Amino acid sequence: MIWYVATLIASVFSTRGTAAQGAHGVREEPRFVTARAGESVILGCDVSPPLDGQQPPYVVEWFKFGVPIPFFINFRFYPPHVDPEYTGRASLHGKASLQIDPVRSEDQGWYECRVLMLEQQFDTFHNGSWVHLTVNAPPSFTATPPQYVEAKEGGSTLLSCSAQGNPKPMISWLREGEELVTNTVVNESQLFCNHVCKCNFQRFSVFPLGPPYIVSPPENVTVNISQNALFTCQAEAYPGNLTYTWFWEEDNVYFKKYDLKLRVRILIDGTLIIFRVKPEDAGKYTCTPSNSLGISPSASAHLTVQYPARVINMPPVIYVPRKLPGIIRCPVDANPPVTSVKWEKDGYPLRVEKYPGWSLTPDGSIRVAEATEDSLGTYTCVPYNALGTMGMSPPATLVLKDPPYFNVRPGGEYRQEAGRELVIPCAASGDPDIPTITWRKVGKPSKSKHNVLSSGSLQFLSLSKEDHGEWECVATNVVTSITASTRILVIGTSPHAPGNIHVLPSMTSANVSWEPGYDGGFEQTFSVWYGPVSKRTDYGPHDWHSMPVSGAQTWLVVPGLEPATEYQFSVLAQNKLGTGPFSEVVTVNTTGTPEPLVLLTPPRCLTANRTQHGVLLTWLPPANHSSPIDRYIMEFRLGERWEVLDDLIPSTETEYIARDLVQDSWYEFRVMAVMVDLISESSNVVGVSSTGRSLYPFPPAELPDEGLARPVVAGVVATICFLAAAVLFSTLAACFVNKQHRRKLKRKPGRSYSLSRHLALSPARLTMDGFRNGPKPCWDDPARSTFLPPPASPL
């Protein structure tokens, strides 16, 4: 009957799944899962990767047949939405499977799993399956007859008895151990006794018809070597023709290749006895009772075998690299762990401490700082633990061999576009054996396709985003392994996830900072995502808000938070090709009481002066700050984007020299202060041009706060005095020359006037140049800017 219903439902829903097949083919056949009430059960659901190999974000939904809305929704790392009937019992297992713990009788039924791929061009689901859950429950009485019933002789009485369970219990009535005739039974839950004649119903029994259930599962056992081990396993069922099967790991105990099958016995009550246990017998043992009805249950326990320390697989030859650090190993197997190891060399006790650079490791091996000819010899070892030892190891001869060396080392860095081919060379040699070349990715392993060529080179036929990062070429021979590192930068991808997320909460805000991941070859921007851990109706889908981050800054203050509330934060990077993965999620609590006021105003009076070494930037510390300043951050820009020039300027410094500026470019600078994890607003912006003689030498003009420098004022006064004397001298001279010379002399005052006019303007020009190139008047308004154009040509 169950298979008929399953086939019918599967056929109905196969029409629904036709639209969802798409490029991924037909959905999986329905699955059937059986569990016992009170236990844990997993409803399987697989997530098939798309054809392009990239795993897009997806939403997992679980439906129960007959209920129009999903009772379980999960999206990535966000808290799942769970129906109250499954709260505390349903959780995600793996990518999309559902675990229910504990399972209840009412959970029985059909379940549908849907996996929605969010970045696909179609809106139908392409993953998921149907699962039928059967929940077996032992019978329990819901109504029983009283222990004593009084009735008149010759009269009649009615007894009631009912029970529940899955499969449905079958009730039978017995009198003094013998089943009653059917004409006295009204139905399976009622008994009618007519003409009562000394009826004494002393007991009744209920027998469920179905697969067995385990009432006494096996327990973990620890024994010493050569002792006997015993596992009990008791089950009940109706009919009761039970047979018990025991497994070691995944194999039947009677089918093991070694002699375990000769040392085990399974008793009629399900008990497993292992005679004269050996260390190899340790592991997981599983009991499976069966009566040929339904799916048989199982229960497992572990066997732990304790034994004295022993040496296993001691090699006849120990290879150690010449003139390099080496290890002389004693391959020990012990339970409990080894406590000491004694060594002999050439038949004599070896005292390791007498050899310079030799030492014993915790596992009893000998570490040699530099293997030389003195290390040659025949070695044996004897390990010990709390139970003693099984004896000495076979002798092993130590042989010195040269380590491998690289003929061709990979370059330090390779930049290549995604989807393109990339070959990284690597080759090594050895004497006399040719070493084996392997490649490995540092950190998270790469699942993309790559090949190691016969030459030892690493080949990517189609470079992917997962290949980005550090790789190592490993050359190995019988004595040791050597490595050479390189770094692959995959260009033309979405950004990588930001790292090192740090959140400093206050009562109503949080300061979020992070370290950018690789930008994928394009300029990236960031957004901060946040939301309360508890569900909020005003936060929209998934209870998360986001805030964009201006420019390329790596911090953001998130305002408008609730006091004494638990929040989650994550950072997302994006470039012109799309968004990268979310960063790790950081959970913090906002404070519930007002915190002390934190003051941090911007640095003041930033000025710029050209020197022969570069541009000298000077400033004043912030006027108000509640804690000592930790450091300063100097930023610059050539266009619209601000970039960090130095973010580790000590708090004791208030000047900085910007060197190696690009010729004929206009630079702008600003400075910020850092206190604990708080970054101030930026100071005023100063501008300077690198046009001219490569910035040297331009001695800065000194200007007091009240205006022009005193030397400039003195020069102006001296010039005016000189002009007045020249005019007076010209007038007196005109009286002593002839008329012809007087005309020429008349033009001379004009020249003097022109010169005086030129000199009268020059101080003002010099004054303006001095104002532009020298220290600016100090404004505390960060919005005001000082711009320094190229210096005027000398007179």
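Note that the structure is predicted; figures quoted are calculated from it, not measured.

Reading guide: rules and limits
- Residues numbered from 1 in each chain as written.
- Predicted model: local features only at pLDDT ≥ 70, side-chain atom pairs only at ≥ 80, totals over all residues.
- Heavy atoms only, no water.
- Pairing = 2+ DSSP bridges.
- Helix = DSSP H or I, 4+ residues; strand = E, 2+ residues; numbered from the N terminus.
- Axes fitted to C-alpha atoms, helices over the stretch in contact; angles between N-to-C directions.
- pLDDT = per-residue confidence, 0-100.
- Contact = heavy atoms within 4.5 Å.
- 1 Å grid on protein atoms, 1.4 Å probe; cavity = no way out; pocket = protein on both sides within 12 Å on 5 of 7 lines; lining within 4 Å.
- Points joined across faces, edges and corners; volume = space filled by probe spheres on them.
- Nonpolar A, V, L, I, M, F, W, Y, C, P; charged D, E, K, R; others polar.
- Domains from an automatic or database assignment.

Q: Can you walk me through the sheet that holds strand 46 (residues 499-505) in this structure?
A: Strand pairing in a sheet takes place through backbone hydrogen bonds and is either antiparallel or parallel in direction. A sheet is described by the order of its strands in space; here 3 strands give the open sequence 46-47-50, paired in antiparallel fashion. Among the strands making up the open sheet, the edge pair consists of strand 46 and strand 50 (555-558). Strand-to-strand twist of the sheet, defined as the mean angle between neighbouring strand axes without regard to direction, takes the value 15°. When strand 46 meets strand 47 (residues 510-515), the two strands line up antiparallel, connected through 5 bridges. Paired with Val503 across the bridge in strand 47 is Val512.

Q: What's the story with the confidence of the model for the protein chain in this structure? I'm lost.
A: The predicted structure's coordinates, where accompanied by low pLDDT, should not be read in detail. Confidence along the protein chain averages 78 in pLDDT terms, with 75% of residues attaining 70 or more. Contacts for the low-pLDDT stretch residues 744-777, under 50 throughout, to residues beyond four places or in other chains number 43 contacts. Confidence over residues 779-795 falls short of pLDDT 50; this stretch has 46 contacts with residues more than four positions distant or in other chains.

Q: Would you take a moment to explain the sheet that holds strand 41 (residues 436-441) for this structure?
A: Across the sheet, which stays open at both edges, the 4 strands sit in the order 38-45-44-41 with mixed pairing between neighbours. Each having just a single partner strand, strand 38 (413-417) and strand 41 make up the two edges of the open sheet. Within this sheet the neighbouring strands show an average axis-to-axis angle of 30°, counted without direction. Pairing analysis gives 5 bridges linking strand 38 to strand 45 (residues 481-491), with the strands arranged parallel. Each residue of the ladder has a partner; that of Gln416, found in strand 45, is Val490.

Q: Looking at this structure, I do not really get the layout of surface pockets. What am I missing?
A: If you roll a probe as big as a water molecule over the atoms, it shows you where there is empty space left. Roughly 930 Å³ of internal volume is contained in the second largest pocket. Lining the second largest pocket are 33 residues, with Gln553, Thr554, Trp555, Ile633 and Ile679 sitting closest to its centre. Looking at the lining of the second largest pocket, the elements that each hand over two or more residues are strand 46, strand 47, strand 56 (631-637), strand 57 (643-650), strand 59 (666-675) and strand 60 (678-679). Of the residues forming the lining of the second largest pocket, the biggest block, 4 residues, is contributed by strand 47. Along the lines of polarity and charge, the residues of the lining of the second largest pocket split into 13 nonpolar, 10 polar and 10 charged. Both domains that meet at the lining of the second largest pocket, namely domain 5 (499-589) and domain 6 (604-689), each give it at least three residues.

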